[in-house]
Number of protein chains: 2
Amino acid sequence: MNIKEMARSAKKAALELAAASAELKNDALQKTAQALLENTAAIIKANEADLARSKKANLAKPLLERLKFDEGKIRDVTDGIESLIRLPEPVGQSLSVTELDRGLELHKVSCPIGVIGVIFESRPDALVQISTLCLKSGNAVILKGGSEAAETNKILAEIISQSAIKAGIPSGWLQLVETREDVNEMLKMDEYIDLMIPRGSNAFVKYIMDNSNIPVLGHSDGICHTYVHSDADIEMAIKVIIDAKTQYSAACNATETILVNKNIANKFLPLLKQRLEEVNVELFGCKGTLEIIDIKPVPADNWAKEYLDRKVSVKIVTGDNEAIDHINTYGSGHTDAIITADKATAQKFMNLVDSGSTFWNCSTRFSDGFRYGFGAEVGISTSKIHSRGPVGLEGLLIYKYMLTGNGHIVADYAGKKKSFTHVKIK
Amino acid sequence: MNIKEMARSAKKAALELAAASAELKNDALQKTAQALLENTAAIIKANEADLARSKKANLAKPLLERLKFDEGKIRDVTDGIESLIRLPEPVGQSLSVTELDRGLELHKVSCPIGVIGVIFESRPDALVQISTLCLKSGNAVILKGGSEAAETNKILAEIISQSAIKAGIPSGWLQLVETREDVNEMLKMDEYIDLMIPRGSNAFVKYIMDNSNIPVLGHSDGICHTYVHSDADIEMAIKVIIDAKTQYSAACNATETILVNKNIANKFLPLLKQRLEEVNVELFGCKGTLEIIDIKPVPADNWAKEYLDRKVSVKIVTGDNEAIDHINTYGSGHTDAIITADKATAQKFMNLVDSGSTFWNCSTRFSDGFRYGFGAEVGISTSKIHSRGPVGLEGLLIYKYMLTGNGHIVADYAGKKKSFTHVKIK
């Protein structure tokens with residue numbers, strides 16, 4: 001099949017899949033989990049081929065770690081499928097009900113979006129998570145994984161697609177595309193694909209937006225901030241910052257810039273330097289910072305740097321407004337935190353910082369679908385419409401309005417013979 | 001100001017406006033309504049200039065009707081503002097609350113999108129409705145109206161913008177652009193504009209999508225269907241179809257195609273012809289239809305025709321699946337209805353027809369924000385993400401996650417020392 005045929009086939013499947021029952025979808029998920037376990041040996045063999053090829057190509061060690069898909073990881077993803085099965089059915093829920101007039105009832109009902117295109121990095125577990133989330137939410141999915149994981153992706157896609165089809169899910173619901181040229185073709189399929197979810201750098205997400213009419217749910221850079229207000233509990237601030245920077249530095253929700261209120265800079269900065277250097281974090285400061293502690297200046301005065309490493313920028317701000325402005329100017333709308341004992345200041349910060357997640361007295365590392373209790377996540381959206389922050393099942397749904405009458409016509413209301421009641425039932 | 005300066009100024013205003021209190025916004029709306037009434041004479045004078053110029057340019061009569069903005073229409077829009085004031089505050093509502101662990105609480109809180117760009121046709125009342133909806137929802141707005149209404153739009157934008165600013169809304173919150181070149185510049189401002197709402201033809205909405213990275217909420221053609229099932233109450237079907245076609249033929253929610261189940265075609269079609277011709281509706285049929293009633297064939301076999309007139313296409317379908325397929329192929333995802341006495345058939349139809357609104361035993365003309373009880377509408381979305389169907393205040397909102405802790409760090413949970421409770425509070 002060429003990409004157009006694949007996309008058309010996915011669309012056809014999506015239209016049927018929208019009406020699949022909870023039982024059917026859960027049965028398909030169950031069969032998928034079972035098939036993954038039964039095929040453990042074959043999956044590991046395919047993954048070993050990917051690993052061998054990637055080692056030869058000198059892929060960096062952290063990337064090899066992500067690419068590895070062993071028995072433990074297979075067990076993790078099947079555990080994930082089991083929890084997905086236990087989640088309540090997301091489709092067909094009446095989100096609100098209004099009586100427009102006697103016998104004329106309007107239901108706002110959750111439904112799948114249709115066909116989702118997902119482009120993801122070289123983590124085979126992402127393929128399993130995304131495709132099973134799509135299945136549970138009744139969406140068809142077209143996947144493009146990293147080329148390093150080609151063999152692993154192929155066998156996983158085949159197992160998942162076929163197990164679901166055996167259970168009764170319409171064929172065509174899962175498609176795997178393999179090359180970059182395929183992706184470029186995919187971007188033209190706005191007739192068939194309803195939403196693109198690209199996971200990658202800002203530049204990559206922008207490339208997708210520049211080259212497609214399909215709506216994009218961007219999962220891009222995380223330039224996260226932690227702002228230490230003058231009323232902060234200093235020990236709490238240090239503890240939270242160490243977590244936000246070092247618990248997993250390569251994550252998109254790790255803090256990249258620390259903003260320090262000038263009123264506590266003299267007291268706080270020397271301690272910050274000492275404690276961060278103890279855990280091997282390198283600090284880069286603004287001019288004012290350099291007058292208080294002996295660190296390097298921020299390279300090229302670039303305050304939008306995503307280090308993804310044990311490095312952090314530090315800036316003194318004159319007050320809350322400057323902190324908020326700085327974040328809204330240089331941040332990426334991902335996750336930003338304030339450390340303060342003052343509730344009013346915290347609320348102002350959380351209201352005015354224009355990010356998907358705004359935190360008070362806790363680590364930016366909490367910004368994650370699993371930690372938020374969503375069960376699983378498709379990505380973390382830095383977009384401003386549809387879905388924001390960590391995106392779970394809900395982000396793969398939209399709604400339609402269903403109106404049920406008994407021969408009701410508009411002319412009766414236009415002539416004021418009748419009037420709407422608009423009684424909210426739910 | 002050039003467009004970039006305007007967009008930047010709108011963005012700045014939006015960041016402040018996000019934290020405006022309900023009282024401040026309602027006061028601004030009150031002052032706006034008052035100023036519109038006080039300036040009635042000047043508004044009518046500006047509108048008369050637009051009308052005179054448009055008459056000279058031979059603008060069609062229905063368009064002149066829409067352009068006219070007299071005392072009655074001013075009263076209508078100020079009444080609309082009064083109802084908007086009475087609606088509950090949409091911003092800052094906790095949509096859901098989850099305890100992640102003791103003392104670590106996650107709130108999903110409604111908030112404005114930011115800067116909305118709206119391109120609308122030559123109805124001055126649209127300018128008032130859209131800008132006051134944006135104000136109530138805390139969004140800044142950049143407006144481009146039809147050039148026929150240039151003078152009326154100018155004075156309305158000035159009155160609304162200034163009344164709100166006098167009440168304390170940040171200046172720059174409302175901007176009016178005037179030329180098509182301005183629109184093309186606007187489309188490049190993805191750094192500042194968060195959402196475009198173009199109201200117009202499919203071709204126009206597609207033009208906007210083709211030429212911008214800004215997410216688009218499309219308000220485009222309505223190719224709406226009414227499907228008469230074999231179990232339909234014939235009299236109800238006729239009554240509903242007459243309303244759906246003639247109550248206001250130029251509306252996007254008017255029915256453009258009637259699908260008739262073959263089992264009742266012989267009985268239903270002659271009656272349909274007679275009753276529709278009585279109200280001056282011209283019928284165009286498929287091959288099978290022409291064998292039963294004497295009407296013209298559908299021009300150029302085009303089943304995606306939006307007549308916006310007292311004309312309608314008629315097609316015989318062999319069953320429910322063909323009806324659903326036809327609608328999903330030729331419809332525009334706007335509004336489609338089934339007439340049937342059978343509940344299971346109706347539910348299948350409403351689930352499988354992939355449109356923003358799916359109706360059972362009522363007129364497609366009900367698809368409208370006012371009738372749905374939203375108070376006002378920005379447009380009717382035929383998009384598949386963010387907002388679907390009639391879009392009221394809710395479509396201008398998104399959410400952010402606010403997490404409040406007490407020095408909580410992720411390392412405590414990664415080490416399994418602590419585990420998440422994920423207790424749903426709301």
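Residues numbered from 1 in each chain as written. Chains lettered and ligands numbered in written order. Predicted model: local features only at pLDDT ≥ 70, side-chain atom pairs only at ≥ 80, totals over all residues.

## Comments concerning the overall build of chain A
- Of the regular secondary structure elements, chain A holds 15 helices and 17 strands.
- Within chain A, the proportion of its 426 residues that are buried is 54%.
- Summarising the internal contacts of chain A: among those between residues at least 6 apart in sequence, 71% fall at separations of at least 24. (Helix = DSSP H or I, 4+ residues; strand = E, 2+ residues; numbered from the N terminus. Buried ≥ 20, exposed ≤ 12 C-beta atoms within 10 Å, placed from the backbone. Contact = placed C-beta atoms within 7 Å.)

## A look at the domain arrangement of chain A
Residues and elements named next belong to chain A.
- Domain annotation for chain A reports domain 1 (3–219 + 378–400) and domain 2 (224–366).
- On a C-alpha basis, the centroid separation for the pair domain 1 and domain 2 is 35 Å.
- Domain 1 puts six residues into the contact, and the matching count from domain 2 is seven residues.
- Looking at side-chain class alone, the side of domain 1 that touches domain 2 contains two nonpolar, three polar and one charged residues. (Domains from an automatic or database assignment. Nonpolar A, V, L, I, M, F, W, Y, C, P; charged D, E, K, R; others polar.)

## Focus: the relation of the copies chain B and chain A
- Note on the identical chains: chain B maps onto chain A by a rotation of 180 degrees and an axial translation of 0.0 Å, with an RMSD of 0.0 Å. Overall, the copies show the geometry of a two-fold rotation axis. Judged by C-alpha distance, B:His386 is the residue of chain B that lies nearest the rotation axis, at 1.9 Å.
- A high fraction, 100%, of the interface residues of chain B reappear at the interface in chain A, so the copies pair face to face through one surface. (Least-squares fit on C-alpha atoms with pLDDT ≥ 70 in both.)

## A closer look at the environment of B:Leu174
Residue and element names in this part refer to chain B.
- Mapped onto the elements, Leu174 comes out in strand 5 (residues 174–176).
- The sequence separation of Leu174 and Met189 amounts to 15 residues, and the corresponding C-alpha distance is 16 Å.
- If we skip the residues at most four places from it in the chain, Leu174 touches Ser131, Val141, Ala157, Ile160 and Ser161.

## Topic: the interface of chain B and chain A
- Each side of the interface is counted separately: chain B has 61 residues, and chain A has 61 residues.
- Of all elements in the fold, only strand 1 (94–101), strand 2 (104–112), helix 9 (202–210), helix 10 (234–246), helix 14 (343–352), strand 13 (357–362), strand 16 (397–408) and helix 15 (411–414) of chain B reach the threshold of two or more residues within the side of chain B that touches chain A.
- By residue number, the principal contributor to the side of chain B that touches chain A is strand 16 of chain B, which donates 11 residues.
- Residue classes in the side of chain B that touches chain A are distributed as 30 nonpolar, 21 polar and 10 charged.
- Where strand 16 (residues 397–408) of chain A and strand 13 of chain B come together, five bridges link them in parallel fashion. Following the sheet pairing, A:Thr404 is matched in strand 13 of chain B by B:Trp360. (Pairing = 2+ DSSP bridges.)

## As for the pairing of strand 11 (residues 311–317) of chain A
All names here are of chain A.
- With respect to burial, strand 11 is a largely interior element, six of its seven residues being buried.
- As paired elements, strand 8 (residues 255–261) and strand 11 share five bridges and run parallel to each other. Paired with Asn261 across the strands is Val317, a residue of strand 11.
- Bridge analysis of strand 9 (residues 282–285) against strand 11 gives four bridges, and the strand direction is parallel. The partner of Gly285 across the bridge, within strand 11, is Val314.

## Here's the deal with the sheet that holds strand 12 (residues 335–339) of chain A
- Taken in spatial order, the 11 strands line up as 10(A)-9(A)-11(A)-8(A)-7(A)-12(A)-13(A)-16(B)-2(B)-1(B)-17(B) in an open sheet, and their pairing is mixed. The open sheet has two edge strands with one neighbour each: strand 10 (296–297) of chain A together with strand 17 (423–424) of chain B.
- For strand 7 (residues 224–228) of chain A and strand 12 of chain A, the ladder comprises four bridges, and the chain directions are parallel. What sits directly across from A:His225, in strand 12 of chain A, is A:Asp336.
- Running at roughly 145 degrees to strand 8 of chain A, helix 11 (residues 262–278) of chain A makes contact with strand 7, strand 8, strand 9 and strand 11 of chain A of the sheet.
- Contacts from helix 14 (residues 343–352) of chain A reach strand 7, strand 12 and strand 13 (357–362) of chain A together with strand 16 of chain B within the one sheet, and its direction differs from that of strand 13 of chain A by about 155 degrees. (Axes fitted to C-alpha atoms, helices over the stretch in contact; angles between N-to-C directions.)

## Overview of unusual backbone geometry
Residues and elements named next belong to chain B.
- Located in the positive-phi region is Asn58, a residue other than glycine, with phi close to 60 degrees.
- What makes Asn58 exposed here is the crowd of 7 C-beta atoms within 10 Å.
- Backbone geometry at Leu308 places phi at a positive 55 degrees, although glycine is not the residue there.
- Tracing the sequence through the fold places Leu308 in the loop between strand 10 (296–297) and strand 11 (311–317).
- For Leu308, a count of 16 C-beta atoms within 10 Å corresponds to the partly exposed category.

## Here's the deal with helix 3 (residues 40–56) of chain A
Residues and elements named next belong to chain A.
- Here helix 3 spans 24 Å end to end across 17 residues, near enough to the 24 Å set by a 1.5 Å rise per residue.
- What helix 3 keeps buried is the set Ile43, Ala46, Asn47, Asp50, Leu51 and Ser54. Viewed end-on, helix 3 has its buried residues packed into an arc of 145 degrees, placing them on one side of the element. Exposed and facing more than 90 degrees away from the buried side of helix 3 are Ala41, Ala42, Ala52, Lys55 and Lys56.
- The inward-facing, buried residues of helix 3 abut helix 4 (61–67), helix 5 (71–86), helix 6 (124–136) and helix 7 (150–167).
- The first or second residue beyond helix 3 is Asn58, which carries a positive phi of 60 degrees. (Expected span 1.5 Å × (residues − 1). Arc of directions from axis to C-beta.)

## Some details on the sheet that holds strand 7 (residues 224–228) of chain B
- Strand order across the open sheet formed by 11 strands is 17(A)-1(A)-2(A)-16(A)-13(B)-12(B)-7(B)-8(B)-11(B)-9(B)-10(B), with mixed pairing between neighbours. Lying at the two open borders of the sheet, with one neighbouring strand each, are strand 17 (423–424) of chain A together with strand 10 of chain B.
- Pairing analysis gives eight bridges linking strand 2 (residues 104–112) of chain A to strand 16 of chain A, with the strands arranged antiparallel. In the strand pairing of strand 16 of chain A, A:Leu106 is matched with A:Leu403.
- This element, helix 11 (residues 262–278) of chain B, spans strand 7, strand 8 (255–261), strand 9 (282–285) and strand 11 of chain B of the sheet and lies at about 145 degrees to strand 8 of chain B.

## Some details on the confidence of the model for chain A
- Predicted confidence across chain A gives a mean pLDDT of 94, with 100% of residues reaching 70 or more.
- For this predicted complex, the interface score ipTM comes out at 0.92, alongside a pTM of 0.92. (pLDDT = per-residue confidence, 0-100.)

## Topic: the pairing of strand 1 of chain B
All names here are of chain B.
- Of the pairings in the sheet, the one linking strand 1 to strand 2 comprises six bridges and is antiparallel in character. Bridge pairing in strand 2 links Thr98 to Leu106.
- Hairpin connection between strand 1 and strand 2: a loop of two residues separates the two successive antiparallel strands, and Gly103 in this loop has a positive phi of roughly 80 degrees.
- Summarising the sheet, strand 1 and strand 17 pair through two bridges and their orientation is antiparallel. Residue pairing across strands places Thr98 opposite Lys424, the latter belonging to strand 17.

## Overview of the packing of helix 3 (residues 40–56) of chain B against helix 7 (residues 150–167) of chain B
Residue and element names in this part refer to chain B.
- Where helix 3 meets helix 7, the closest approach of the two axes is 7 Å, and the angle between their N-to-C directions is 155 degrees. Relative to helix 7, the element helix 3 is oriented roughly antiparallel. Contact with helix 3, carried on its side by Ala42, Ile43, Ala46, Asn47, Ala49 and Asp50, involves Ala150, Glu151, Thr152, Lys154, Ile155 and Leu156 of helix 7 and no other residues of that element. (Parallel < 35°, antiparallel > 145°, perpendicular 65-115°, else oblique.)

## Some thoughts on helix 7 of chain A
- Taking 1.5 Å as the rise per residue, helix 7 of chain A with 18 residues should run 26 Å; its terminal C-alpha atoms sit 26 Å apart, in good agreement.
- Looking at the buried positions of helix 7 of chain A, the neighbouring elements they touch are helix 2 (22–38), helix 3, helix 6, strand 4 (140–144) and strand 5 (174–176) of chain A.

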